[in-house]
Each structure stands twice: as structure tokens, then as C-alpha cells.
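Take a look at the letters that make up each chain.
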Amino acid sequence: PQITAGAVISGAYFGDKMSPLSDTTNLAPGIVGADLFDHVRHMFWTTGPSLLIALALFTVLALGSGEHALSDTAVEATRQQLAQQFNLGIVPLLPLVLLLFLALRGFPAYPALAAGAFAGVLVAVFWQTDATLRFGNPDGEFGTAEALARGVWQAMAGGYVLESGNSMLDELLSRGGMGSMLNTVWLIMSAMIFGSSMERTGLLQRIVQTLLKGVRGTGSLVATTVFTCIGANIIASDQYMAIVLPGRMYRLEFARRG
């Protein structure tokens, strides 16, 4: 299980880094004024080889671990429990397909996310009607239309909660909603406020002047930026701060050097 979790997390890191809808992937070019899709293309030079190395290692591990694979019976039992709670098939994947299509076509993140969320609402109302009704009307006190509206709204705001009696499925599928992203939003807001305060008081420029003393060309400027990002991440223990501060610090110097 630990090795499988490692494989899943490796794939998740790749998706989070390369997705034009990811928070940090949008934050970094937004802070420095770069094009989002140029940023994604340049990240592939480091993220792509990392994925290939991980894929090769996990493939070698998987070839020798067949005796530890989950039995077909267990997989089928889980699938049957899912089928009891939801309508399975291709339709629930359509919002994801739409989201990926819009991202690949270069649509801005906000309209793409809004379109994906709206498509998810349509799937919930017209394809997952029973599940949405159970979630929005657990006590049977509302009419169908109101229960559907409540179910959709509660899922988007606070996340979906499954109560199937299967603890594994309930834990896996009870999550999401705008509320789950508030910690991230607060961190970004705090980082932006701190960065602006440092810049306005002149402290940021004072630090930059010291760090740029040893910079002679493009290579040393990039290296200084990279080490500053790593240092900010270690000191602040926050990746958003490590994106915002160096981005504000070196943006003018990069522009001045072309």
C-alpha cells in the first residue's frame, strides 16, 4: 500500500505542477507577469524527466509484486458498492473532459473552472439525481426541486458527504467544496499582503541590492533566484510566500536585463 500511495502521489504532483488550473501554477506567472502556458511548457523540462524516472522505478517494483495485488473479488465488491450509491458510466467523466479541453485550448482558469463546475451541477441533477436527493434531503422534508438545489449548493460550498455504511468509501468520497480551499486562499492573501508591505517600506529592495551584488549574467541571476526561492520556502515554511516574495524581488531586475 505504501508503494502504491507513492505512485499515486507522484502522479498527483505531476498533474498539479503541469495543470494550467493549479493554484501555484497560476500564481507564479501571475506574480511576475509571464504567460501561463509559457510557464507550463518550461516546467516540463524538469517535471517531465521526474515523472519518467518515477514511472520507471514504479514499473520495476510492480513487475515483482504480483502476489500482493488486490484480488478481483475485492475490486468487484467495491465496484458493486459504488453502483449502489451512484450511476456509473461515461457521463460523470464529462465535466473533467470539458475542463481538460478548455485548459488545453488555453482558456483562462476562472471561466474554465466555472464551466467545469456548471457541467458537474448538470451531471449531479440529471445523472446522479438519487445521490443528490439523498444528500440534499436526508430527512425527506423538502420537495424534489428544493432538495436538488440544496444538494448541489451544499456540495459546492462545503463538499459532498457520503453515508453508505462503508467507512472506506465514505472517507474516500466525502470531500471537496469551496470551503476546503479557504486555507490556501488565506495563505495566498497573507503572502501578497506581506510582500506588498516589504516592497512599500523598501525592505525588499534593500535585500535585493545585497543579493544582486554577486550577479554578473543571466546564469547567476537565475541561480540567485532559485536559491532565494528555496531559502524563502525553508524560512517561511510556505510555498506561496516562496513564490510571491522572490517574484516581487527580482521581477524588475529580470525586465532590466531583458
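Residues numbered from 1 in each chain as written. Predicted model: local features only at pLDDT ≥ 70, side-chain atom pairs only at ≥ 80, totals over all residues. Heavy atoms only, no water.

A.B. asks: How would you sum up unusual backbone geometry? Please name residues and give values.
C.D. replies: Its identity as a non-glycine residue notwithstanding, Ser237 has a phi of 55 degrees, on the positive side. Along the chain, Ser237 falls in the loop between helix H12 (218-236) and helix H13 (239-256). (Helix = DSSP H or I, 4+ residues; strand = E, 2+ residues; numbered from the N terminus.)

A.B. asks: How would you explain the side chain of Thr224 if you had to name every residue and give the values?
C.D. replies: By the element assignment, Thr224 lies in helix H12. Judged by its relative accessible area of 17%, Thr224 is buried. (Buried < 20%, exposed > 50% of the residue type's maximum accessible area, 1.4 Å probe, protein only.)

A.B. asks: Describe the packing of aromatic side chains, listing the residues and the values that go with them.
C.D. replies: Taken as a whole and assessed by the stated rule, the structure comprises two aromatic pairs. Taking 6.1 Å as the distance between ring centres and 55 degrees as the angle between the ring planes, the aromatic pair formed by Phe86 and Tyr160 counts as tilted. Taken as a pair, Phe86 in the loop between helix H4 (72-85) and helix H5 (94-104) and Tyr160 in the loop between helix H8 (144-158) and helix H9 (167-173) lie far apart in primary sequence, 74 residues in all. The same class applies to Phe86 and to Tyr160, which are both buried. (Phe/Tyr/Trp six-rings, centres within 6.5 Å; stacked < 30°, edge-to-face > 60°.)

A.B. asks: Outline the pattern of salt bridges, supporting the account with residue identities and numerical values.
C.D. replies: Summed over the entire model, instances satisfying the criterion amount to four salt bridges. Between Glu253 and Arg256 there is a salt bridge; the shortest N-O distance is 2.6 Å. In this pair, Glu253 and Arg256 are both assigned in helix H13, three residues apart and thus about one turn of the helix distant. Using a relative accessible area of 60% as the deciding quantity, one classes Arg256 as exposed. (Salt bridge = Lys/Arg side-chain N within 4 Å of Asp/Glu carboxyl O.)

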